[in-house]
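Report on the structure
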Amino acid sequence: MTRQPLRLAVLEAERILAAAGVASPRVDAELIAAHVLGVERGTLPLVPLVDPQVIDAIGQLVHRRATRVPLQHLLGQAAMGGIAVEVGVGVFVPRPETELLLEWGLGELKDVADPLVVDLCTGSGVLALAFAHERPDATVHAVDVDSSALAWARRNADTRAAAGDRPVTLHKGDVAEPALLADLEGRVDLLVCNPPYVPVGTEVPPEVGEHDPFRAVFAPGDGLAVIRHVVAAAARLLGPGGRFAMEHDDSQAASVPALVAARRVLTDVADHRDLAGLPRFVTAWHV
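As a starting point, this report considers the structure included with it. Quick caveat: nothing in here was measured; it's all calculated off a predicted structure. (Residues numbered from 1 in each chain as written. Predicted model: local features only at pLDDT ≥ 70, side-chain atom pairs only at ≥ 80, totals over all residues. Heavy atoms only, no water.)

Some details on the overall build of the chain
The criterion, for reference: Going along the chain from the N terminus, every DSSP run of H or I of four or more residues is numbered as a helix, and every run of E of two or more is numbered as a strand. With the radius of gyration taken over C-alpha atoms, the globule rule is written as 2.2 Å times the number of residues to the power 0.38. Note on classification: 1.4 Å probe, protein chains only; a residue is buried when its accessible area is under 20% of the maximum for its type, exposed when over 50%, partly exposed between these limits. The contact definition used throughout considers only heavy atoms, calling two residues in contact when any of these lie within 4.5 Å.
Check the secondary structure of the chain and you find 11 helices and 13 strands. Scaling as 2.2 N^0.38, a compact globule of 287 residues should have a C-alpha radius of gyration of about 19 Å, and the chain matches this with 20 Å. Here the C-alpha coordinates of the chain stretch approximately 70 × 40 × 30 Å along the principal axes. The proportion of buried residues among the 287 residues of the chain is 49%. Here the contacts in the chain between residues at least 6 apart in sequence split such that 66% fall between residues at least 24 apart.

So, in structure tokens, the structure goes:
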């Protein structure tokens, strides 16, 4: 069988994905090709010719992606910081913009020895596990209310522990519970959260609306229902000098910082923009 140019297959994949409305058709096409070949995306130019079965395998994944199945579901994983976690049906797919929240949190912890970190609404566990990977001296707790999400988080936590990272403690719990993590009250050095914050009724891409769990994306009350509980938990769990970081919708650039600032124990409230320049996460210190 005649080998075929990989470059042409990637160009055809890009064309198909662009026609389907995929936001980043070239990147997705290259990542799919790299996944099939088992190489890094940056090394694709070093693979000029491939066998026909490779072209077929790329084509099958491209056509699934064209139906707007999330790329991460096709690849089976999502990256965050120095790690990758498994994702699929039943768990929220981590977004690249959350990297900025991770970077902020790591920066705030650089002079804190043996930090105690809490990740609320953990989903796949990606944030908690990224902190545990970057800070081997940290004690990390992660919470989610959804059993399916926690099953994914447990799988990922076991994988990271087997790779040598310090184990993360997982909890099934609701951020609305006033006694959640009561034994950590007033002791936490960093509390992070990527909660459901999209206002119900907001139009979202098919990858989100048809594949992410509804309750991991949307929240009632202008998207603030869960956020209010997270802010209350931060005020209760953080110790003196503790840091807080939480993602929010770009429509909440005024409302979320105001909710945080309304808590007298939370100060130095600041809002941060994502890579697209949109308001994306709020931070504060505990007095």
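Right, picking up where we left off after that structure.
Brief notes about the sheet that holds strand β8 (residues 188-193)
Filter applied, for reference: The pairing criterion for strands is at least two bridges between them, as found by DSSP. Axis lines are fitted to C-alpha atoms, over the contacting stretch for helices. Their N-to-C directions set the angle, which ranges from 0 to 180 degrees.
One open sheet accounts for seven strands, arranged β7-β6-β5-β8-β11-β13-β12; its pairing is mixed. Lying at the two open borders of the sheet, with one neighbouring strand each, are β7 (169-172) and β12 (266-273). Here the average twist between neighbouring strands, direction ignored, is 15 degrees. Relative to strand β13 (residues 279-286), β12 is paired through six bridges, and the arrangement is antiparallel. By the bridge assignment, alanine 270 is partnered in β13 with threonine 283.

Some details on the packing of helix α2 (residues 25-37) against helix α3 (residues 52-66)
Applicable threshold: Angular relationships are summarised with four words: roughly parallel below 35 degrees, roughly antiparallel beyond 145, roughly perpendicular across 65 to 115, and oblique for the angles in between. By convention the crossing between two helices is left-handed if the near helix lies anticlockwise of the far one by an angle smaller than a right angle, and right-handed if it lies clockwise. When residues are grouped by polarity, Ala, Val, Leu, Ile, Met, Phe, Trp, Tyr, Cys and Pro land in nonpolar, Asp, Glu, Lys and Arg in charged, and all others, Gly among them, in polar.
Look at α2 against α3: their axes get within 9 Å of each other, and the N-to-C directions meet at 135 degrees. The orientation of α2 with respect to α3, classified from their angle, is oblique. Here the hand of the crossing between α2 and α3 comes out right-handed. From α2, Asp28, Ile32, Ala33, His35, Val36 and Leu37 reach across to α3, where they touch Val54, Ala57, Ile58, Leu61, Val62 and Arg65. Considering only residue class, the contact of α2 with α3 consists of nine nonpolar, one polar and two charged.

A word on the pairing of β7
Rules: With the strands pointing away from the viewer, any crossover whose connection runs clockwise from the first strand over the helix to the second is right-handed.
The pairing of strand β6 (residues 139-144) with β7 spans four bridges and is classified as parallel. Paired with alanine 142 across the strands is leucine 170, a residue of β7. For the handedness criterion, the β-α-β arrangement of β6, helix α7 (residues 147-162) and β7 is classed as right-handed.

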